[in-house]
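The residues making up each chain are set out below.
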Protein chains: 2
Amino acid sequence: MMEVSEAIRNRKSVRRFSDAKVSDAAIKELLELAAQAPSAGNTQEWRFVVVRERETKQRLSEAYMIGRKYQLEAPVIIVVCADMEAIGDAYGERGKSLYAFQDTAAAVENMLLAAAGMGLATCWLGAFNEQAVRNALAIPERIRPVAMITLGYAGENIAKNMRKPLAEAAFSEIYGNPFK
Amino acid sequence: MMEVSEAIRNRKSVRRFSDAKVSDAAIKELLELAAQAPSAGNTQEWRFVVVRERETKQRLSEAYMIGRKYQLEAPVIIVVCADMEAIGDAYGERGKSLYAFQDTAAAVENMLLAAAGMGLATCWLGAFNEQAVRNALAIPERIRPVAMITLGYAGENIAKNMRKPLAEAAFSEIYGNPFK
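Now for a quick tour of the structure. Since we're looking at a predicted model, the values are computed, not measured.

### A word on the relation of the copies chain B and chain A
For step 1, the next point in the chain: Mapping chain B onto chain A calls for a rotation angle of 180 degrees and an axial translation of 0.0 Å; the resulting RMSD is 0.0 Å. On the angle and the small slide along the axis, the relation comes out as a two-fold axis.
For step 2, the next point in the chain: Counting the interface residues of chain B, we find that 100% of their copies in chain A are interface residues as well, pointing to one common contact surface.

### Quick notes on the sheet that holds strand β3 (residues 121-125) of chain B
For step 1, the next point in the chain: Here we have five strands laid out as an open sheet, ordered β5(A)-β1(B)-β2(B)-β4(B)-β3(B), and mixed in their pairing. The sheet is open, and its two edges are formed by β5 (170-172) of chain A together with β3 of chain B, each paired on a single side. Across the sheet, the mean angle from the axis of one strand to that of its neighbour is 25 degrees, orientation sign disregarded.
For step 2, the next point in the chain: Of the pairings in the sheet, the one linking β5(A) to strand β1 (residues 46-51) of chain B comprises three bridges and is parallel in character. Bridge pairing in β1(B) links A:S172 to B:V50.
For step 3, the next point in the chain: Sheet strands touched by helix α4 (residues 84-117) of chain A: β3 and β4 (143-152) of chain B. Its angle to β4(B), the strand with the most contacts, is close to 50 degrees.
For step 4, the next point in the chain: Where helix α4 (residues 84-117) of chain B meets the sheet, it contacts β1, β2 (76-83), β3 and β4 of chain B, and its direction lies at approximately 155 degrees from that of β2(B).

### Considerations on the interface of chain B and chain A
For step 1, the next point in the chain: Each partner contributes residues to the interface: chain B has 78 residues there, and chain A has 78 residues.
For step 2, the next point in the chain: Here B:E130 and A:R94 are joined by a salt bridge, their closest N and O atoms 2.9 Å apart.
For step 3, the next point in the chain: Our count for the chain B to chain A interface comes out at 54 residue pairs in polar contact (both at pLDDT 80 or more).
For step 4, the next point in the chain: Those elements that provide at least two residues to the side of chain B that touches chain A are α1 (4-10), α2 (24-34), β1, α3 (54-63), α4, α5 (130-137), β4 and β5 (170-172) of chain B.
For step 5, the next point in the chain: Of the residues forming the side of chain B that touches chain A, the biggest block, 14 residues, is contributed by α4(B).
For step 6, the next point in the chain: The class makeup of the residues in the side of chain B that touches chain A is 43 nonpolar, 13 polar and 22 charged.

Definitions and cut-offs
- Residues numbered from 1 in each chain as written.
- Chains lettered and ligands numbered in written order.
- Predicted model: local features only at pLDDT ≥ 70, side-chain atom pairs only at ≥ 80, totals over all residues.
- Heavy atoms only, no water.
- Least-squares fit on C-alpha atoms with pLDDT ≥ 70 in both.
- Contact = heavy atoms within 4.5 Å.
- Pairing = 2+ DSSP bridges.
- Helix = DSSP H or I, 4+ residues; strand = E, 2+ residues; numbered from the N terminus.
- Axes fitted to C-alpha atoms, helices over the stretch in contact; angles between N-to-C directions.
- Salt bridge = Lys/Arg side-chain N within 4 Å of Asp/Glu carboxyl O.
- Polar contact = N/O pair within 3.5 Å; in protein donor to acceptor, adjacent residues only side chain to side chain.
- Nonpolar A, V, L, I, M, F, W, Y, C, P; charged D, E, K, R; others polar.

Below you can see the structure in the form of structure tokens.
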């Protein structure tokens, strides 16, 4: 049991995981909570591929573009995709170039926070070759993989990244006018 | 005090608000929690313009493209923007066409959930003319308004939209392979 603001403050990016297994029930709960996110016109264009097998992780690892490939050794990787046809049919270009990424990101954030509330650790990965991820998981062309979430129990004790002062990001009425 | 999974399940889009004022402290808390979201390389490219004055709401209302303009009469509108220069400098095209929208959406979702935990109601609006919003709030060209969040106390008692069965969105190892 963790209060929502505490989960938001506690969530951080963990890159090394212990060998402890994540239960299938916990994964299912996270997916159900992901799907509670809002989406444009309730399109629910998010799709999730849950990866638990070593061979699949190995294939995903090859699609991962920047260093720290050890991250892909997490107990679970959830590949989050957007059905571009579904959102495009509903909202055209704005749907495909904006809502698709917002809606799936809101679903991801739900998962990260719920995981924090369950004592699980996560990291949101974005730097991958999308076509290579498609090939690795037999994802159809109309479906775009937009994030990979690594999931497990923390295998490192790291601090959360620092945040900038709110005054640099928040304004009142007019852009640039300090928030009070 | 609300548990994180309960906040995720309870959050819904509310379009009519009561006249009750939202305290400045509550708004500040929501902005601080928004900024606890993850972002690519911790770029924190989110920017927030908090709108509480009637005249500013009126200008925003003109930028809102679809019906239900009464929504813009909410006690507070938080216009969420992405600093495209900041994310572009860090990640180039992928940053500007993907991470900018994901990072700001994660910040928005934090706000929506934290608001639910505080007994506040919200709605995420996406259908607006971005240049008109820029003009209304003197937002510079390098800053892109990507969402408007209406905030207040609920003035209607509506049900949350239905969700599709998880089986339509979740797969194991390979796209299309049922999640178990």
